[in-house]
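Coordinate inspection notes
Chain residues, written in single-letter form:
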Amino acid sequence: MFKHFASIDNILLEKDIIDFPDSDGNMLQIGGFDVLSGDKGNGHWVGNQAFRIMYDEICLGKGKSMITEYMKEKAGICDRATLLDAIAVLEDEEKGEDFLRMLIVSFFEAANNDDAEALKVIEDMAQRGADFICGHVNNMSFGDEINVVLSGSIHTKLPSQKYTDRMAELVAERTGRKFNFIKLNCAPVTGCINWLLED
C-alpha cells in the first residue's frame, strides 16, 4: 500500500506506517487503504498495470507496448495462451515474486524509453501522488519549504525519475510552494527488508 506521512516541514512517501507530527504537533496519514483510498504506485500495483498493458495489447489488440516485447524476451510471453498461463505463475508462492519483479522492471524500462502506454500509467501515479502530497499541504502547517522524503523501493531502487519528476511538477503547480524531493538512501528498519533493497 502506498502511504504518505508528514513530519515537521517533511512529507514522507512510503508504503509502511510511520507517523510524524507537523510543526503544530498534528499527525496525518493519507492513503494506505489500498483501493478504498485510491492508492497507486506500490510494487504490486505497478506490476498489475504492466500485466494489464500486456493484456490490452495481446488480448484486445490495442496499445502496443515495449513491456510486451521485454516480457517476451524475459518470460516467453508471446500470445494469449502464454499470457494467461502467467497468471498462475503470479499466484505461485515461489515463482510469483520473481515474475512480479520482471513486470516492474519491464514497466520502468519501457517508461524510460518513452513507451506511450507506460507513460500513461506514470501520469496516473504522479497525479495521485500529487493528490496525497497536496492533501498534507492543505491540512497541515508547514514552513516556506517542504521536504518530500522519497522512501521505499519504487522511489529509491528503481529508475522511477520520470514519475517523481512529474509528481514534483504537479505539486509545485498546484500549491505554488517550494518542495525539495529527497531520496532516502539508507537501509530500512528491521522488518522492512524488500527484494529491491538487495544489491
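Structure report, in brief. Predicted model, so just to flag it, every value in this text is computed and none were measured.

**Here's the deal with the packing of aromatic side chains**
All told, the structure shown has two aromatic pairs when counted by the stated rule. Their ring planes at 80° and their centres at 5.0 Å tell us that Phe 107 and Phe 108 sit as a pair that is edge-to-face. Take Phe 107 and Phe 108: they sit in the same class, and that class is buried. For the ring pair Phe 179 and Phe 181, a centre distance of 6.5 Å and an interplane angle of 45° mean the geometry is tilted. Phe 179 sits in the buried class, given a relative accessible area of 12%.

**Here we look at the side chain of His 155**
The topology assignment puts His 155 in helix H6 (residues 153-156). For His 155, the side chain forms a polar contact with the side chain of Tyr 163, separated by 3.5 Å.

**A look at the nonpolar core**
With 41 residues, the main nonpolar core has Val 46, Met 54, Ile 67, Phe 107 and Phe 108 as its most contacted residues. When residues of this core are traced back to their parent elements, those giving at least two are helix H1 (43-60), helix H2 (66-75), helix H3 (80-91), helix H4 (96-112), helix H5 (116-139), strand E4 (145-150) and helix H7 (161-175). Sort the elements by how many residues they give to this core and H5 lands first, with nine residues. Phe 107 has contacts with Val 46, Ala 50, Ile 67, Ala 118, Val 121, Ile 122 and Met 125, leaving out every residue within four places of it along the chain.

**Describing a nonpolar patch on the surface**
Taken together, the side chains of Tyr 55, Leu 60, Leu 84 and Ile 87 define a hydrophobic patch exposed on the protein surface, amounting to about 310 Å² of accessible area. Where the nonpolar patch is concerned, the elements lending two or more residues are H1 and H3. By the element assignment, Leu 84 lies in helix H3.

About the thresholds
- The written sequence of each chain sets the order in which its residues are numbered from 1.
- For this predicted model, a pLDDT threshold of at least 70 governs which residues receive local features, and a threshold of 80 or more governs which side-chain atom pairs are given and counted, while totals over whole chains, interfaces and linings are taken from all residues.
- Side-chain descriptors were evaluated using all non-hydrogen atoms of the structure, hydrogens and water having been removed beforehand.
- The pairing test for Phe, Tyr and Trp rings, Trp by its six-membered ring, is centres within 6.5 Å, and the orientation test on the planes gives stacked under 30 degrees, edge-to-face over 60, and tilted for anything in between.
- Partly exposed describes any residue whose relative accessible area lies between the buried limit of under 20% and the exposed limit of over 50%, with all areas from a 1.4 Å probe on protein chains only and scaled to the type maximum.
- Put simply, DSSP H or I for four residues or longer makes a helix, DSSP E for two residues or longer makes a strand, and each gets a number counted from the N terminus.
- Between N or O atoms, a polar contact is any pair within 3.5 Å; within protein, one atom must be a potential hydrogen donor and the other a potential acceptor, and residues adjacent in sequence are included only when both atoms are from side chains.
- Each nonpolar core is a collection of buried residues, namely Ala, Val, Leu, Ile, Met, Phe, Trp, Tyr and Cys, held together in the definition by side-chain atoms within 4.5 Å.
- We call two residues contacting when some pair of their heavy atoms lies within 4.5 Å.
- Patch membership is restricted to residues that have no salt bridge and whose relative accessible area is over 30%. Joining uses 9 Å for like charges and 5 Å for the nonpolar side chains Val, Leu, Ile, Met, Phe, Trp and Tyr.
- Computed with the Shrake-Rupley method and a 1.4 Å probe, the accessible areas treat only the protein chains shown as cover for residues.
- Take a side-chain nitrogen of Lys or Arg and a carboxyl oxygen of Asp or Glu: if they are within 4 Å of each other, that pair is a salt bridge.

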